[in-house]
Amino acid sequence: MGNSNAILGVITYWLQHDTQQSPEEIATMLMETMLKGTFEASGLRSIIEKDSE
């Protein structure tokens, strides 16, 4: 249920605000987040792994 609320929130925000992302870009971001998880899709995993080396 949490993921569906987050997806709906992103889409709602995107529709209500003047964003630069195309529908395809939003769909790609949402798919990456669903498939990889928020941590990895945001790029945080690589930053933390780099800092820990």
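Keep in mind that what you see is a predicted model, and the values were worked out from it rather than measured.

## Notes on the overall build of the protein
What the protein contains, in helices and strands, is four helices and zero strands. Moving toward the C terminus, one meets the helices and strands of the protein in the order α-α-α-α. Burial status across the protein gives 6% buried among its 53 residues. Roughly 4,500 Å² of accessible area belongs to the protein as shown, and the carbon and sulfur atoms make up 58% of that amount.

## Examining a nonpolar patch on the surface
A cluster of nonpolar side chains, M31, M34 and L35, forms an exposed patch at the surface whose accessible area comes to about 330 Å². Owing to a relative accessible area of 69%, L35 belongs among the exposed residues under this scheme.

## Describing helix α2 (residues 23–36)
The first and last C-alpha atoms of α2 sit 20 Å apart over 14 residues, in line with the 20 Å expected at 1.5 Å per residue. In the stretch just after α2, G37 is the one whose phi turns positive, near 95°.

## Here we look at the confidence of the model for the protein
When the pLDDT values of the protein are averaged, the result is 81; 83% of them are 70 or greater. Averaged pLDDT values for the elements of the protein fall to 69 in helix α4 (residues 44–52) and rise to 87 in α2.

## Quick notes on the environment of N3
With respect to the element layout, N3 can be found in helix α1 (residues 2–16). The class for N3 is exposed, based on a relative accessible area of 59%. Sequence separation of N3 and M34 is 31 residues, and the distance between their C-alpha atoms is 7.8 Å.

What counts as what
Residues numbered from 1 in each chain as written. Predicted model: local features only at pLDDT ≥ 70, side-chain atom pairs only at ≥ 80, totals over all residues. Heavy atoms only, no water. Helix = DSSP H or I, 4+ residues; strand = E, 2+ residues; numbered from the N terminus. Buried < 20%, exposed > 50% of the residue type's maximum accessible area, 1.4 Å probe, protein only. Areas by Shrake-Rupley, 256 points an atom, 1.4 Å probe, with all protein chains shown as cover. Patch = residues over 30% accessible without salt bridge, like charges linked within 9 Å, V, L, I, M, F, W, Y side chains within 5 Å. Salt bridge = Lys/Arg side-chain N within 4 Å of Asp/Glu carboxyl O. Expected span 1.5 Å × (residues − 1). pLDDT = per-residue confidence, 0-100.

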